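Chain residues, written in single-letter form:
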Amino acid sequence: MIIRKIQIDNYLCYYDTNTFELSEGLNIILGENGEGKTKFFEAVDWLFNGENRELEMLVSAKKLNETEIRDSFRVRVSMTVEQYGEKSIITKSFLAKKEKANECSTSSFMIEGISENSSGERTQVDGTDLLKRIFPSEILRYSMFKGEAELSIFENEDALATLVSNFPDVIRYDKYSEKGSFLREKSEKAVEDSSKRNKKNLADYNRIESEISRLQKEKDKYEVHHNSTIDEIRKIEEHLQDAEKNVSNADALDILNKRIRGIEEKISDLNVNIDENYTTFLFDENWILVNFELFQKEFADKVSAHSKTRRELQSNFDKQKGVKEGEKKAKAELLNNAVPLPIGVPSKSHMEEMLNDEICKVCNREAKKGSEEYEFIMKRLKSYLESQVIVDNEPDNAEPLFKFNYTNRLDNLSISHEDNLKNLRLIRTKIKNLFEYNEARKSDLAELNEQLTNEKIEREQIVGKSSIAEEKLIDVLKNYNAWQRDLKNRNQDQVDYAMKLKLIENELRERKEDKDKIDTNSANSFEIRTRNIFRDIETIFIDTKKKKFDEFIDKLQNKSNSFFKTINIDAFTGTIVFTQKNKVNRTIVEVELQEDGRTFYKPNQSLLTSMHISILFAISELASEIKEENFPMIFDAPTSSFGENKTAQFLNLIFETENQKILLIKDFLHTDKATKTLSIKKEFESVRRNKAFWVKLERPFDPNNLKTINSQVITL
Amino acid sequence: MARKDDILKSFLTNGLLESKYELKREELPSTVREALNSDKPIVKAIALIIEGLDGTSPVTDSVLRNQVTQFLNEAL
């Protein structure tokens, strides 16, 4: 079957009518990003799978803009297919009616089918039926692929097994193995019923049956454990293999991280030890007194001088006091220690009278002016007069010279300071020591910081060299060790389960043999022979089914590898390997890339893409062989990760394959930097193809205005 | 070769027929029609099953079972 024509009308960037007249073999549609390649693919996909909603989103903005309000136009994708000499035209379309500027309403879509026989007679047929008949869903599933990611359809563990079992050569044996089991079970039942009719062995028979039933359950249980352990082992091995590539880096990273942590701890300790809170020291540790001694000396000198002055004053005071007391004492002696008269006796007037008269009227003697007696009276008068004068500041003979002994306190202060001087003298040394200590620690700190920087650079280099992120790299080592332990344990589990299974199977076989013995003695001989034949038929049917499955897988593997080697000619590729795994109640087929029997470690995207494409081509070819019918395949940007050379090789390979292929690629186009003009590179001339198209936006256009967007189809 | 003859061939090439039933390859029938006339019960039983499943008029499970079991019970 081939697609002869695809016509797209007013579908998104495809304004008006755009026709792709396709050829058998390889059709290449070139196009820059955003110029209509993917919209072509989506239009075809819409034809096959599109739903009846949001149709207004599929309308060409340019067409809508040009349409008058209340006018309508049709959005249409049509495909002309040729199969067994007949043409079929399938058209999916809907009507868009402009309601307002930039707004339209749409009808529901309709699918029309037209069949045209070899003589050119056309018949209208049900479009949906025609579509399903021409492109059954199982074919569509393996016919259209958008981007590289969609090519990996076999990563789902059931996908390949499902695909393989869809191939008639494999699927037709399924029913035989089912019927073989059914017939065998019925014959077993007939024999059992026959045996049970013999009451003699019934007790033994029932016991053996229940034993078999128990053993069968045990066997099933251990098979589940065994299979899941094998799965786990495989996963752990994959993890380990994955981790092995990073484990040396992870190990180095671990060592470096430990060293970095050690350095950081040292830095932290040093930072704690460096105390530069000098203001606190200034006051709390009396650093402010570092030069106090000079002031203390001056202070001490002054206090000393002051003390001396004070003592002198006190001494003089004391002398004066002593003289006065001596005088008093002398006077007292003069009066023969008699008590002297009060100072006012004789009275002032008497003394003035006596001085005036120059006679001492006390002792009746002459007291001539200038005489001793006269002077005596005069002195006595003066004393009286002086006693009458109030002298404020006259010191009280009884009071001390200094009322408070501040001098003494100053002395004590000075002495106390003198005592402290010893400690204060140490401050200078303390300051020096602290500064030296801090400087030394800072120097250590600088050294450690430099070391830390170097270690971190080394760590960055290790992380940079690694293909995984740092956090994951850190986990790798932990996981690697854990996985190794797990692997050891799981391997031991597997050995244990396998041994246990073997024991159960042996026991089960023995019990079945016991049962067979009873059957042989109790049941009808023809029933036993019939059962035995059914047992063998079941074995043959199951073996054949498995053999056919294996053969198909081998064929698929060989074909896939043949394509794979051709796509990656002269490059190391590894081998595509299909592996069958028996899971509980089902068989799965896994596919992986291997090198020397081991999983290929992280193949690049280009290799993976070529692997997926190879498998798809192999399937397509196998489907062709079996169905004697070719189906087209449509790929949108399947080779994004390929370089242009590899794409060219790939296209040349596809050219040689049988069925029709439509490839949408962005290679072989060149944009002139100065003029922004697009052109097709010369290299494309050497690419073998049956037909080529170029979809490009009509220039000029405004990238921000959909109304200006129109993809033109140029047949090359 | 018809599809059912292909299927028969796939079954009859199983080693069990040679090892247990001592059937020589060259003696084996190549068509279901021939196999239905075989004097080897296991060969005819297989042919009956193929005819029942892929013949012109496929039969139900119980009919298939009755046909094959009856044949074997009588033949053995």
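Residues numbered from 1 in each chain as written. Chains lettered and ligands numbered in written order. Predicted model: local features only at pLDDT ≥ 70, side-chain atom pairs only at ≥ 80, totals over all residues.

**Considerations on the overall build of chain B**
Looking only at helices and strands, chain B has five helices and zero strands in total. The order of α-helices and β-strands along chain B, N terminus first, is α-α-α-α-α. The long-range share in chain B, meaning contacts at least 24 apart out of those at least 6 apart in sequence, stands at 43%. (Helix = DSSP H or I, 4+ residues; strand = E, 2+ residues; numbered from the N terminus. Contact = placed C-beta atoms within 7 Å.)

**Focus on the pairing of strand β6 (residues 103-106) of chain A**
Residue and element names in this part refer to chain A. Taken together, the four bridges between strand β5 (residues 86-100) and β6 define a ladder with antiparallel strand orientation. Looking at β6, one finds that Lys 97 is bridged to Ser 105. Between β5 and β6, which pair antiparallel and follow one another directly, the connecting turn spans two residues, one of which, Asn 102, has a positive phi of 65°. (Pairing = 2+ DSSP bridges.)

**A closer look at the packing of helix α8 (residues 202-273) of chain A against helix α13 (residues 406-465) of chain A**
Residue and element names in this part refer to chain A. Contact pair α8 / α13: the axes reach a minimum separation of 9 Å and the direction vectors enclose 160°. Classified by the angle their axes make, α8 and α13 are roughly antiparallel. Crossing hand, α8 versus α13: left-handed. In terms of residue class, the contact of α8 with α13 is built from twelve nonpolar, four polar and ten charged. (Axes fitted to C-alpha atoms, helices over the stretch in contact; angles between N-to-C directions. Parallel < 35°, antiparallel > 145°, perpendicular 65-115°, else oblique. Left-handed = near helix turned anticlockwise from the far one by under 90°. Nonpolar A, V, L, I, M, F, W, Y, C, P; charged D, E, K, R; others polar.)

**Observations concerning the sheet that holds strand β19 (residues 691-697) of chain A**
Residues and elements named next belong to chain A. Sheet architecture is open: six strands sit in the order β9-β15-β16-β3-β19-β20, paired in mixed fashion. Both edges of this open sheet fall to β9 (144-146) and β20 (711-715), since each of them pairs with a single strand only. The sheet shows a mean angle of 15° between the axes of neighbouring strands, taken without regard to direction. Together, β3 (26-30), β9, β15 (633-636), β16 (661-665), β19 and β20 form the strand contacts of helix α1 (residues 37-49), whose direction differs from that of β15 by roughly 140°. Helix α17 (residues 644-656) contacts β3 and β16 of the sheet and is inclined by roughly 145° relative to β3.

**Observations regarding the interface of chain A and chain B**
Of the residues lining the interface, 20 residues belong to chain A; the matching set on chain B comes to 20 residues. Counting residues per element, the side of chain A that touches chain B draws most heavily on helix α15 (residues 525-567) of chain A, at twelve residues. Classifying every residue of the side of chain A that touches chain B by side-chain character gives eight nonpolar, four polar and eight charged.

**Focus: α13(A)**
Between its first and last C-alpha atoms α13(A) spans 83 Å; for 60 residues at 1.5 Å apiece the expected length is 88 Å, and the two agree. At Leu421(A), α13(A) shows its largest kink, close to 40°. (Expected span 1.5 Å × (residues − 1). Bend = angle between axes of the 7 residues up to and from the residue.)

**Re the nonpolar core**
Residues Ile29(A), Ala43(A), Val164(A), Ile537(A), Leu8(B), Ala45(B) and Ile46(B) are the most contacted members of the largest nonpolar core, which totals 110 residues. Top element by residues in this core is α15(A). It accounts for twelve residues. Each of domain 1 (2-143 + 631-715) and domain 2 (158-197 + 528-626) of chain A contributes no fewer than three residues to this core. If near-sequence neighbours (up to four positions away) are discounted, Ile46(B) is found in contact with Ile537(A), Leu8(B), Phe11(B) and Ala35(B). One finds Ala243(A), Leu473(A), Leu477(A) and Trp483(A) within the second-largest nonpolar core, a separate group that totals nine residues. (Core = buried A, V, L, I, M, F, W, Y, C linked by C-beta atoms within 7 Å. Buried ≥ 20, exposed ≤ 12 C-beta atoms within 10 Å, placed from the backbone. Domains from an automatic or database assignment.)

**Details of unusual backbone geometry**
Residues and elements named next belong to chain A. Following Arg 699, the chain continues to Pro 700 via a peptide bond in cis, the omega torsion being -10°. We note that Leu 12 has phi near 50°; this positive angle belongs to a residue other than glycine. The class of Leu 12 is buried, set by 24 C-beta atoms lying within 10 Å. Phi angles above zero are rare outside glycine, and Asn 286 is one such case at about 60°.

**Some details on the environment of Glu458(A)**
Residues and elements named next belong to chain A. If you trace the backbone, Glu 458 turns up in helix α13. Overall, Glu 458 belongs to the partly exposed group, with 16 C-beta atoms counted inside 10 Å. On a C-alpha basis, the gap between Glu 458 and Ala 252 in space is 9.6 Å, while along the polypeptide they are 206 residues apart.

**Observations regarding the environment of Val687(A)**
Residues and elements named next belong to chain A. Assignment of secondary structure puts Val 687 in the loop between β18 (678-680) and β19. Residue Val 687 is classed as buried on the basis of its C-beta count, with 22 C-beta atoms lying within 10 Å. Look past the residues within four positions of Val 687 in its chain and what remains in contact with it is Ala 648, Leu 651 and Asn 652.

**Some remarks on the pairing of strand β4 (residues 72-83) of chain A**
All names here are of chain A. As paired elements, strand β1 (residues 2-11) and β4 share seven bridges and run antiparallel to each other. Pairing of Ile 6 across the sheet is with Met 79, part of β4. As defined by bridge partners, β4 adjoins β5 across twelve bridges and the pair is classed as antiparallel. Bridge pairing in β5 links Phe 73 to Ala 96. If you look at the hairpin formed by β4 and β5, you'll find two residues sitting between the two strands, and Tyr 84 has a positive phi there, around 50°.

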